[in-house]
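Now for the letters of each chain:
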Amino acid sequence: MQGFGTDEIAALFARLADVFAAEKEALIALDGKVGDSDLGLTMAKGFGAAHDAVAAMETPTPEAQLKTAGAALARAAPSTMGTLMATGLLRGSAAVSGAERLETAEMAAFWSAFRDGVAHRGRAQVGDKTVLDVLHPIAETMQAQAREGASLDAALDRARVAAEQALEDTKDLVAQHGKAAAFQEKTRGIQDAGSTVAVILIRTMAECAAD
Amino acid sequence: MQGFGTDEIAALFARLADVFAAEKEALIALDGKVGDSDLGLTMAKGFGAAHDAVAAMETPTPEAQLKTAGAALARAAPSTMGTLMATGLLRGSAAVSGAERLETAEMAAFWSAFRDGVAHRGRAQVGDKTVLDVLHPIAETMQAQAREGASLDAALDRARVAAEQALEDTKDLVAQHGKAAAFQEKTRGIQDAGSTVAVILIRTMAECAAD
Amino acid sequence: MKKFVNDPENFVDEMLDGIYRAHPEVTHAGDDLRCFVRSKQVPGKVGLVTGGGSGHLPLFLGYVGENMLDGAGVGGVFQSPSSEQILEVTRHVDQGAGVLYLYGNYTGDLMNFDMAGELADLEGIKTATVVGRDDVASSVPGEEHKRRGVAGIFFLYKAAGAAAARMMPLEEVARIAEKASARTRTIGVALSPCIVPEVGKPGFEIGENEMEIGMGIHGEPGISRDALAPADEVVDRMIERILAEQDYTQDKEVAVLVNGLGATPLEELYILYRRTAQRLEAAGAQIRHTFIGEFATSMEMAGASISVLQLDSELEPLIAAGGDTPFFKKLAN
Amino acid sequence: MKKFVNDPENFVDEMLDGIYRAHPEVTHAGDDLRCFVRSKQVPGKVGLVTGGGSGHLPLFLGYVGENMLDGAGVGGVFQSPSSEQILEVTRHVDQGAGVLYLYGNYTGDLMNFDMAGELADLEGIKTATVVGRDDVASSVPGEEHKRRGVAGIFFLYKAAGAAAARMMPLEEVARIAEKASARTRTIGVALSPCIVPEVGKPGFEIGENEMEIGMGIHGEPGISRDALAPADEVVDRMIERILAEQDYTQDKEVAVLVNGLGATPLEELYILYRRTAQRLEAAGAQIRHTFIGEFATSMEMAGASISVLQLDSELEPLIAAGGDTPFFKKLAN
Ligand SMILES: Nc1ncnc2c1ncn2[C@@H]1O[C@H](COP(=O)(O)OP(=O)(O)O)[C@@H](O)[C@H]1O
Ligand SMILES: Nc1ncnc2c1ncn2[C@@H]1O[C@H](COP(=O)(O)OP(=O)(O)O)[C@@H](O)[C@H]1O
Ligand SMILES: [Mg+2]
Ligand SMILES: [Mg+2]
Ligand SMILES: [Mg+2]
Ligand SMILES: [Mg+2]
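It should be emphasised that the depicted structure is a prediction, and the values quoted were computed from it without experimental measurement.

### Quick notes on the site of ligand 2
The environment of ligand 2 is made up of 20 residues, and the closest members are D36, T80, G122, D192 and G194 of chain B. Near ligand 2, residues from chains B and C are present, making the site a shared one. Take D38 of chain B: an N or O atom from its side chain is 3.0 Å from an oxygen atom of ligand 2. A distance of 3.5 Å separates an oxygen atom of ligand 2 from a polar atom in the side chain of S79 of chain B. When ligand 2 sits alone it has 570 Å² of accessible area, and the protein chains cover 94% of it.

In structure tokens:
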């Protein structure tokens, strides 16, 4: 594919809205294990709002679309993950300022900024069993792929694979933040809910690129 | 028997305390059908307190015993039936003022005063599906037996039979008073809870007389 | 039974012990914890005494305080206090101006207050009686005197309390209480039963998806049992019963009380109030005073009631007056 | 789900509509109902802003009023308000003296208040932040900064509210709030779960005969799940956690809050208070102020919490001060 232009980004948010609507119950159940069961609701609502806002734009640029999506998400779903994903989108938007299409290099910049934004806002460390544990390998993989000059669809697919592995690895960690932290050792063996959302993001993006 | 003297009255209240303790759950269930399920509790507590008070008396007379029992009942169980039974005992006590033993005539006077007290305090009419529907035939039967010169045990047994029949007849009535009144037509077919207590009273008295 | 209790027999007295520890402005007359009175009586004022079963906090004793009541006979859970206890409270609060009994229209309470009043009379204490009978679900129009007293009795306390605080004589305070009683209507809805600690299990059942409109605060049967409807529809079905008995063409101003029965979250009471206000305004009423919260509960029963007092120029300032009890505080407005 | 709701999506906004209809002393800044503010701001006063998820009434918005807070960002049930909403409230309440953010230590709230503060700073509004972190069950000593904020935040509101009303500057009000925060400890116990309207079923289960000590107000796991014990024993097990962290040899005076989580009858809270008072007094504390009732709920959760604020000569008069909001009224004493 020729990278993500405004049409592809619009299509990406349409697809994310669908996917999070479909995953609603699964995410509720997952967050319910060591959390408050709201993740399915907030992600479905938040990405639904992001899609609506992006779809309503008249003269979009990638930067503006990502910013609009982030702002809509922050407004519609001010939960931990809603706010973090919004922060990621807003920071990622700034990182692709001016670009008309997001190729591998721009996408790598987007994901690095996304990760950094989440790290800043959430004050978590890699290994704390949060969404950062998946965002970090995504960003690192994208950066490596960009250095190697990989195509966007190949790069995203590698990032997806890394993300899925990282998600699996969150099972071995003990939660240090948010509602899950109260469960301490009991969180071991359980896949982190927020990290699952990050995998859905990169997977959906990779699928869009592959289509 | 030679009528109820102080020993027999003390024994009567001991027995009533036992009987109401034994009937507690049954009365709770009965009152629960069209009431608030408290009758078993209040009667067990009330007659338990009456027995304790009577047992603690040093120089009892029948009049004083009945008064003490009534006052204890009023204090321990100020529910509808607790208050009515207390009123009955207090009025009945006054009606046997001075008597050393309660023979048929005195017992008839006791029950008439008991009924009148309940009627005054509760402002119900015979036929309203209340305890009055059993107290009234008890009082009338006792008066008739006294006029005929019947022995106390025979008189009490006749009164018991009349009471049991009257209790059965309460099933055909519709409640007009207390919590049951809210159930209106639904109370038809159900035996009145308070009337059941009156039957227990006369039956226990008759049993004491027969022993 | 999921309750914080020790021996269920001590439920009421331990609760009272907690209340006296927390609130020095109330105490008991004599040794009996259940003879609940204000720590300081107001000389020359008509005494206001209420009473009834426990399990309805803040009803009844919660309204004993400044500009409200002077004493309460505290019964066991859902049980009347004894005539002796009421008499003790009566003696304590009488300041020579007589005592008004204000309580709910239940057989056990009626008999015990009557007895106490007769005994007080022998001691030279003048008493008068006004009963709350606001529950429209408990008897048809024409039989209002048979109705149960529920949350709306709060309005009687408020009006009579403010009247007595203005040093009105017994007859006047009783007349005002009677007027408030005649002009108050309540309808309730229950979603779940409650548990009397000494019984230990619910006295009745309500299906997982059912509601009962008109159920009494001791679980007395209501007027209909239906599938739980959306909140607005529940209010619509309830408020009809009140609107049918109040006409706002002349006296438009009303005071509204949306009361939680115990387990219903305050959030939901405001959702019910929203629709109640819409409906009352559509019927031509003007809401002048609003009270929302738990005013008369049934232990942990889920449910709510709506009470409407139709004001007039005499009642309005009495409802507007301030009040200060350990359980109810209102600034004058 | 046995609740009085219409469309669960409208739960919060219909509740707010009800609140605004009932209480003209509060309103919303701009069009968004969820930007909750006092109708009249006090010129020159430090603005106090709180916020957090809905479902905890009277927390959070219920403490907006005289001598208390000035505004609240209202989130969805158990959800943070957005940074945009907090910013809108901040702009509205700022009277030139800056704004103090006072909220519970939860990730979502922290992030959104931080974002709002950063944006307010760009607009020239000075903000400071103090978080409630009173739940002793949520982290071990030494890790107090990680603790959740629960009912004890009421003491922060009370102290900071009275300080701001005395026209103290932002730094002072923040210092006092921080002191109250550092000196407040809370421990809770839950008997039943609660239902988020949009979810429609309980988020977790508690066995028919179980209690969970230390459970959070969103159902976060506690420190032990055991068979329900008699009330006094429940208090004993809870209060130990507080006594272990407070020493009454120097500062003896405390303020106590016994809070109901939603479905627990007030009667039972007084039974819990009774034992709490006994235990505190035995430990050498002197109870100077007592608050009992529903101050911070979890919808229809059955359960309670005990909070103790260890007073000093600066905090005491601030807790003693009066307060007047639609949901909380206290006369000065
Ligand atoms: N401080 C943090 N930094 C980054 N991610 C976090 C942080 N705290 C929690 N998370 C992530 O958020 C997820 C839970 O999200 P969400 O359900 O929105 O939280 P909550 O319901 O507690 O607001 C966790 O699984 C974790 O991945
Ligand atoms: N006004 C009345 N006069 C006489 N008996 C009455 C009256 N009202 C109720 N009762 C009797 O009381 C019984 C119920 O007693 P109880 O359970 O003590 O009442 P409550 O629980 O309503 O106080 C009824 O079955 C009826 O026999
Ligand atoms: Mg969550
Ligand atoms: Mg009964
Ligand atoms: Mg309650
Ligand atoms: Mg409640």
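### Describing the coordination of the magnesium ion (ligand 3)
Residues and elements named next belong to chain A. In the first shell of the magnesium ion (ligand 3), the protein supplies D31 (OD), D36 (OD) and D38 (OD), at 2.0 to 2.2 Å from the metal. In the primary sequence, the donor residues of the magnesium ion (ligand 3) line up as D-x4-D-x1-D. Look at D31 and you get buried, because its relative accessible area is 12%. According to the relative accessible area criterion, D36 is buried, its value standing at 13%.

### Quick word on the site of ligand 1
Of all residues adjacent to ligand 1, which total 20 residues, the nearest are D36, T80, G122, D192 and G194 of chain A. Residues lining ligand 1 come from chains A and D. Here ligand 1 has 570 Å² of accessible area as a free molecule, and 94% of this is covered by the chains. At the level of secondary structure, the elements contributing two or more residues to the shell around ligand 1 comprise α5 (80–95) and α9 (193–210) of chain A.

### A few points about the UniProt feature "domain: DhaK" (unreviewed entry) in chain C
In the numbering used here, UniProt assigns the "domain: DhaK" (unreviewed entry) feature to residues 7–328 of chain C. Overall, residues 7–328 of chain C shows 31% helix and 23% strand. The separation of its end C-alpha atoms is 29 Å.

### Some remarks on the sheet that holds strand β2 (residues 35–38) of chain D
All names here are of chain D. One open sheet accounts for six strands, arranged β1-β2-β4-β3-β5-β6; its pairing is mixed. Edge positions in the open sheet fall to β1 (26–28) and β6 (127–132), since each of these has one partner strand only. Between one strand axis and the next, the sheet turns by 25° as a mean value, whatever way the strands run. Inspection of the sheet shows strand β3 (residues 47–54) paired to strand β5 (residues 99–104) by three bridges, in the parallel sense. Residue pairing in the sheet places V49 in a bridge with Y101 of β5. Sitting on the sheet, helix α4 (residues 153–165) is in contact with β3, β5 and β6, with an inclination near 170° to β5.

Scoring rules and cut-offs
- Residues numbered from 1 in each chain as written.
- Chains lettered and ligands numbered in written order.
- Predicted model: local features only at pLDDT ≥ 70, side-chain atom pairs only at ≥ 80, totals over all residues.
- Heavy atoms only, no water.
- Near = heavy atom within 4 Å.
- Polar contact = N/O pair within 3.5 Å; in protein donor to acceptor, adjacent residues only side chain to side chain.
- Areas by Shrake-Rupley, 256 points an atom, 1.4 Å probe, with all protein chains shown as cover.
- Donors = N, O, S within 2.8 Å, 3.2 Å for Na, K, Ca; no water.
- Buried < 20%, exposed > 50% of the residue type's maximum accessible area, 1.4 Å probe, protein only.
- Helix = DSSP H or I, 4+ residues; strand = E, 2+ residues; numbered from the N terminus.
- UniProt positions renumbered as here; feature names shortened; annotations may be inferred.
- Pairing = 2+ DSSP bridges.
- Axes fitted to C-alpha atoms, helices over the stretch in contact; angles between N-to-C directions.
- Contact = heavy atoms within 4.5 Å.

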